Amino acid sequence: MTLFSLTMRAWLTVGCFTIALWSGAATRVAAADAPRILTRVFFQDDGDGVVKWADVHWAHPAKLGPVQPVAGFPKLDAERQTLVQMRSSGGMLLVGVRDESGGSFQSGWVLIDSGVRQESHGDHSHWSYPHSPRVRAAVLDAKQGNPAHVYAYDNVFYVANDKLNGYTRLDPTAIKDQDPADKIMRMAAFHQGGGNHITLAASNGFGFSTWIDREGESNGRVDVTLLKPAGNPQITASFQLPTGGIHGATANQGKVFFAPSDGIYWLAASEAPHIKPTAIHHLSLGMHGETPRRTGAFTTLGSYVGFVSGTGDDATLGLLDAGSKQPAITQLPLQMSEGNRPTGLTMAIVRGGKPTAFVFHDHSQDVDAPDNLSIVELDPNSDKNYSDAKIAAVIPVGRARVEGHGGHHSMDFDADRRRTILVNPGDGALAVLSLEEKKIEAEFQVGGTPSSIVCVGGRQEASH
């Protein structure tokens, strides 16, 4: 080999090494410049009948990445199908689909992998976003009983199959990354129980499913079914509440709670399946004129169960400690304008350890009333008793677009509980609320009619 060849080889080696260094440095700079994700948001667009997603990025104020439909989401007929409730668990989301033909067209559910992963480190978690969301499985046909409610109890999904008088159980923790859609669909296990418009509580290994009937033999009826991974076609037992019209149910601290047309009923789940009338306890919400006050849905936080009732200046936030031997109700007046009603109750332990509740002031489109959000400090003196709850702030938000059961405000939190993302359906917008400052820090136009929202994940682990 000549001296010239050796010299050229040396120069080429040095040059390639230098280029490699530059390339590596450029890659590290690009990674450092990439925006860190604060949380990933999923929201239903009622106009298009699709679930969309975007990443919220760290900035001052926060920024929203590209908004796009979840890959593989089924094409729905906007005139004949609607999206209903959406829940998250273990990095998955389950979305209910209802049709306008009583379930005879196409109803069912869609399971979404959020693309978000959590690595627990005891007192905190690291969050990563390795891939975009995608549909893992979907069941839409004329055999799903037209779901209206979706629940998550103990990290397991439940879909109420109203017209089939039962519900479907799907455990996301049993699903592996390599499982194909048909295997996931076979994991969905049907349980008999409940009817017409089912609400559900799951506790102590049993499902407590309700009938909405206000008269007849199923007035106030609750069916008790033993929960099994493979499903259960047999109702274990049934009992009757003293009043019917049940339109809400939940479980907390080994107790199950129901919302009929008069107040709240509760019982210990351990009483199942042989429940005696003396085991059923009633909590009154008072009267509105000659009509008993009622609620329709529950929210839980720790040992507490929250709910709302009333309208206008009669609107209240209700709280009860499910961990108490004999739960008692605390009612906080929400002082809403005439024509408004409380909706979208959400409760969380926000950054700093403060338990906080959020209630929207909602109204129909033809009502001239303000769109506000009440922020409630649940435990001002930090004694773990919410009886001294108080309103900390009332802030204006964007517009709702209420049509039937849709078009309401909605909200959810990043995993770090520093911010909450609001949906303003009437403005086609999402908004970021700083929980520390109790004010809107950013608003993003996303178009359409955004409604129910779920946030998955917290601040992305920084690249090194």
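Scoring rules and cut-offs
- In this numbering scheme, every chain counts its residues from 1 along its sequence in written order.
- The predicted nature of this model means local features are confined to residues of pLDDT at least 70 and side-chain atom pairs, given and counted, to a pLDDT of 80 or more, with totals for whole chains, interfaces and linings taken over all residues.
- The side-chain numbers reported here are obtained from all heavy atoms of the structure, hydrogens and water having been left aside.
- Any carboxyl oxygen of Asp or Glu that lies within 4 Å of a side-chain nitrogen of Lys or Arg is treated as forming a salt bridge with it.
- Put simply, DSSP H or I for four residues or longer makes a helix, DSSP E for two residues or longer makes a strand, and each gets a number counted from the N terminus.
- Only protein chains enter the area calculation, which uses a 1.4 Å probe; residues under 20% of their type maximum are buried, those over 50% are exposed, and those in between are partly exposed.
- Strand pairing follows a simple DSSP-based rule, namely that at least 2 bridges must link the two strands.
- Under this scheme, a helix contributes an axis fitted over its contacting stretch, all axes are lines through C-alpha atoms, and angles between N-to-C directions fall in the 0 to 180 degree range.
- The contact criterion used is simple: two residues touch if any of their non-hydrogen atoms lie within 4.5 Å.

### Re the pattern of salt bridges
Going through the model one piece at a time under the given rule, you end up with 13 salt bridges. Linking Asp55 and Arg40 is a salt bridge whose minimum nitrogen-to-oxygen distance equals 2.7 Å. Taken together, the positions of Asp55 in strand E2 (residues 50-57) and Arg40 in strand E1 (residues 37-45) put the pair 15 residues apart, joining distant regions of the chain. In terms of burial, Asp55 and Arg40 fall into one category: buried.

### So, the sheet that holds strand E7 (residues 107-113)
The 4 strands are arranged E5-E6-E7-E10 in an open sheet whose pairing can be described as antiparallel. The open sheet has two free edges, formed respectively by strand E5 (81-89) and strand E10 (134-141), since each of these has just one partner strand. Going from strand to strand, the sheet's axes swing by 15° on average, the running direction of each strand aside. Alignment of E7 against E10, held across 7 bridges, turns out to be antiparallel. Within the sheet, the bridge partner assigned to Trp109 lies in E10 and is Val139.

### A short note on the environment of Ser132
Within the element layout of this structure, Ser132 appears in the loop between strand E9 (125-128) and E10. Overall, the relative accessible area of 42% leaves Ser132 in the partly exposed class. When residues no more than four places from it in sequence are discounted, the contact partners of Ser132 are Arg40, Trp53 and Gly115.

### With respect to the sheet that holds strand E29 (residues 341-350)
As summarised here, the arrangement of the 4 strands in space is E29-E30-E31-E32, forming an open sheet in which the pairing is antiparallel. Edge strands, defined here as strands with exactly one partner in the open sheet, are E29 and strand E32 (390-396). Adjacent strand axes in the sheet meet at a mean angle of 20° when their direction is disregarded. Two strands pair when backbone bridges link them, and strand E31 (residues 372-377) and E32 are joined in this way by 6 bridges, in the antiparallel orientation. In the sheet register, Glu377 faces E32, and the bridge partner there is Lys390.

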